[in-house]
Structures are given as structure tokens and as C-alpha cells.
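Listed below are the residues making up each chain.
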Amino acid sequence: MKRKWMALLLMAVLLLSLAACGDDENADAEAAEDPEAAADAAPEPLTYDLEGIQVEALPASDTVPAPRQLSVYTYENLPQTGAELVAGYAETLTDSGFSFIDDGLVRAETPALDTETGMVRLGKKAVFPEPEPVEGEEEEAEGEEAGGEETETEPPRPDQVVVLQLDWTAETCTVTTELVEGRLTDPPDPAEEAAAVAAEAMTNQELEDYVRTLSPSVFGLEGASMEEYRVYINTGMVTVDEIPCQRLEIFHIDEESGTNEVAGSYFMSSNGEYLYHYDLLDGTITELEVPPREEPEAGEG
């Protein structure tokens, strides 16, 4: 219960600060005209000592007057560990519509919140309150409509997300609030992703030809061209991260001895979009970045 109360206390402080940030439309205009001035005007990190503070806890609002710039709040002298406070705070946030997210605003599973130190990000679609009409403007607009004159309309506000990053140690909790342009999305369905890979699958020969078009650096190898290597594709499929892949064995050609030296073992998805290095010594699999595959011209193939 104490953990929940402290979480609501953090919510109260943050909602008050978010509302204060959301009212300054003039600051928005100045920031758009002069980014350097906006950076200079960004608030310094605020530190709150939670021992002995008495604040009425406010419920999370469906309409969040979101911050216009990044703000940082640090809480010290906690009556509990940072992890315990973050766990309660995160529960309060998710109950009010926030979701755990990654850096790309993609919803994520609930992470571990029982470590001594850590960081999580949560996001929620920013819903802005409708501006109050200024006295006299409404009558003026009605008069223009009656006279047949077109009235100017403001451009639609882009989708934005309120992002809260929670960092904690054993003794502190830091909350960073930010308004990010974009929208929350769900992660791709593994079954649909695997089906898409299977639908675009290449034959063994096509896959080998594609591998030879790549730079050796993609595989973490030396050399200017894959012509310096031999590529063998094992028969059968292997599933890596729920993606159907084929195993590649790459050998370096020793020109002097005429023998092949093992250069590396890899898994590549049958459509060429995913590549993994397979460490033969410890059995670990590491995903590698592979450039986008160029589709063949119409009529080729």
C-alpha cells in the first residue's frame, strides 16, 4: 500500500508539472522560431525530497496537457528502493493507459522491475484539450460565414506521444518526460512475419547469388569481395527468432595452398532480410545488420 501511495504521489507531481507545461502556447511559437532559445529555456533537472512530503494524489487524466520540451525530475531520500517505487509508479501509469515501449514507440512486454538499477520507457497518445474560444472571435467567425468569406483553419496537429522514461538506482528515481512526434504501434506478429519470409523465399542458388553480392564486412569478414570466399548452403531450414532460416558456411580461399579455411557460420532468412552469426565455440547467435535486398527488375529472373 505504501508503494502505491508513493507512486500516486509521483503521478500528482508530474501531472501538475505537465499541466503547467501544456499551457504555454507562446513558448511553443518562440521555440519553433528559435530552437537555440528553446534549448536555453529548457528547465534544469528538478530534485524532490520525498521524506515528509504531503501531497494530495491526483488521478491520471485521459486528456494529458503534455510537455512541450524535455523535463527531468529526480527523487531522492526514498522511503523504499528505487525499484519498488518505479514498480508502483509503472503500475499506476499502465492503469491509466500508458504502455511499455521501446525507442521506436513500439509497445513492449512488461520488463523486469526488480533489479537494483534499471531503465524503462512508457508512452501514451497525447490528447490535447480543445482551446477555449476567445471572446469576440466566435461572433467574428459567424459574421464571416454569413458573408460568404472563407475562414482560415489551423492545420491538424501531428500525432504525438507522451513518453516517460524511468531510471532508478537503489536510492534514487529519475523521471524524464518528453513529447515525441509519432504514434504507438504494436510489435509485428511472429507468425505473420514468418509467413511473409516464407512467401518471399529464395531458392538455394538465388540465396547463394545474393550472398555473393554483399560485402564481406556484412559478415564481419575482411576483403573487398565475396569472390574471395566460398559459400555453402546447408539443406533444411532452421528457426531463429521464429524466422525460418538456412545455414550458411563460409570459407576463405587460400590461394597459396588451394585449401579452404573456415571463415564463419551463419543463418540467413530465406528472403535475405535477416542474418545471424553462429559462434561455433560457445553456440551463441548474434543478429547482424544486412542491407535491404534490391528487387529484380520486371521481366528478370
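On a predicted model such as this, the values are computed, not experimentally measured, just so you know.

1. A look at the overall build of the protein
Part 1 of the reasoning: Within the protein one finds seven helices and 12 strands.
Part 2 of the reasoning: Taking all contacts inside the protein whose residues are at least 6 apart in sequence as the whole, residues at least 24 apart take part in 65%.
Part 3 of the reasoning: When the accessible surface of the protein is totalled, it reaches about 18500 Å², and 49% of it is carbon and sulfur.

2. Overview of the nonpolar core
Part 1 of the reasoning: If you look at the biggest cluster of nonpolar residues, it comprises 24 residues, and the most contacted ones within it are Val86, Leu93, Leu113, Val120, Leu122, Leu166 and Cys173.
Part 2 of the reasoning: Sorting the residues of this core by element identifies β2 (71-76), α4 (82-95), β4 (118-125), β5 (160-168) and β6 (173-181) as the ones contributing at least two each.
Part 3 of the reasoning: Ranked by residue count, the leading element in this core is α4, at seven residues.
Part 4 of the reasoning: Residues Val211, Phe219, Leu221 and Ile233 belong to the second largest nonpolar core, which totals 18 residues.

3. Section: the pairing of β4
Part 1 of the reasoning: As judged from the two bridges shared by strand β3 (residues 99-100) and β4, these two strands associate in the antiparallel manner. When the bridges of β4 are listed, Ser99 appears paired with Gly123.
Part 2 of the reasoning: Pairing between β4 and β5: eight bridges, direction antiparallel. Bridge pairing in β5 places Leu122 opposite Leu164.

4. Topic: the pattern of salt bridges
Part 1 of the reasoning: Tallied over the entire structure, the rule returns five salt bridges.
Part 2 of the reasoning: A salt bridge links Glu208 to Arg212, with the nearest nitrogen and oxygen atoms 3.4 Å apart. Placement of both Glu208 and Arg212 in helix α7 (residues 204-213) is noted, with a separation of four residues, approximately one turn of the helix.
Part 3 of the reasoning: With a relative accessible area of 25%, Arg212 lands in the partly exposed category.
Part 4 of the reasoning: Note that Glu249 and Arg247 form a salt bridge whose closest N and O atoms lie 2.6 Å from each other.
Part 5 of the reasoning: Given a relative accessible area of 23%, Arg247 falls into the partly exposed group.

5. Points about α7
Part 1 of the reasoning: Buried within α7 are the following residues: Leu207, Tyr210 and Val211. Along α7, the residues classed as buried sweep out an arc of 100° about the axis, all on the same side.
Part 2 of the reasoning: Looking at the buried side of α7, the elements it contacts are β7 (229-233), β9 (243-253) and β10 (260-269).

6. Quick notes on α4
Part 1 of the reasoning: Here α4 spans 20 Å end to end across 14 residues, near enough to the 20 Å set by a 1.5 Å rise per residue.
Part 2 of the reasoning: Among the 14 residues of α4, 10 are classified as buried, and the element is accordingly described as predominantly covered.
Part 3 of the reasoning: Those residues of α4 that fall on the buried side of the exposure criterion are Gly82, Ala83, Leu85, Val86, Ala87, Gly88, Tyr89, Ala90, Thr92 and Leu93.
Part 4 of the reasoning: Of the residues one or two after α4, Gly97 is the one with positive phi, at around 110°.

7. Focus on unusual backbone geometry
Part 1 of the reasoning: Residue Leu105 is not a glycine yet carries a positive backbone phi of 65°.
Part 2 of the reasoning: Assignment of secondary structure puts Leu105 in the loop between β3 and β4.
Part 3 of the reasoning: The class of Leu105 is buried, set by a relative accessible area of 7%.

8. Considerations on a negative patch on the surface
Part 1 of the reasoning: Taken together, Asp189, Glu192, Asp241, Glu242 and Glu287 make up a surface patch of like negative charges.
Part 2 of the reasoning: Take Glu242: it is sitting in the loop between β8 (238-240) and β9.

9. Regarding the side chain of Gln246
Part 1 of the reasoning: Inspection of the secondary structure assignment puts Gln246 in strand β9.
Part 2 of the reasoning: A polar contact of 2.6 Å, which involves the side chain of Gln246, links it to the side chain of Asn204.

Basis of the calculations
All chains use their own residue numbering, which begins from 1 and follows the written sequence. Local features in this predicted model are restricted to residues whose pLDDT is 70 or higher, and side-chain atom pairs enter the listing and the counts only when it is 80 or higher, whereas totals over whole chains, interfaces and linings include all residues. As a rule here, side-chain values come from all non-hydrogen atoms in the structure, and water together with hydrogens is ignored. Helix numbering and strand numbering both begin at the N terminus, where a helix is a DSSP run of H or I of at least 4 residues and a strand a DSSP run of E of at least 2. Note on definitions: a residue-residue contact is assigned when non-hydrogen atoms from the two residues lie within 4.5 Å. Accessible surface area values rest on a Shrake-Rupley calculation with a 1.4 Å probe, where residue burial reflects the displayed protein chains alone. Among the buried residues, those of types Ala, Val, Leu, Ile, Met, Phe, Trp, Tyr and Cys that are joined through side-chain atoms within 4.5 Å form a nonpolar core. Under the scheme applied here, a residue whose accessible area is under 20% of the maximum for its type counts as buried, over 50% as exposed, and between as partly exposed, the area being computed with a 1.4 Å probe on protein chains only. Any two strands are treated as partners once DSSP identifies two or more bridges connecting them. Salt bridges, as used here, are contacts in which a Lys or Arg side-chain nitrogen is within 4 Å of a carboxyl oxygen on Asp or Glu. Here the arc refers to the directions that run from the helix axis out to each C-beta atom. Take the residue count of a helix, subtract one, and multiply by 1.5 Å to get its expected span. Put simply, a patch holds well-exposed residues, over 30% relative accessible area, that have no salt bridge, with like charges counted together within 9 Å and Val, Leu, Ile, Met, Phe, Trp or Tyr side chains within 5 Å. The positive count covers Lys and Arg only, the negative count covers Asp and Glu only, and His and the chain ends enter neither. Charge positions are represented by NZ for Lys, CZ for Arg, CG for Asp and CD for Glu. For this analysis, a polar contact is any N or O atom pair within 3.5 Å, provided that within protein one partner can donate a hydrogen and the other can accept it, and provided that sequence-adjacent residues contribute only side-chain to side-chain pairs.

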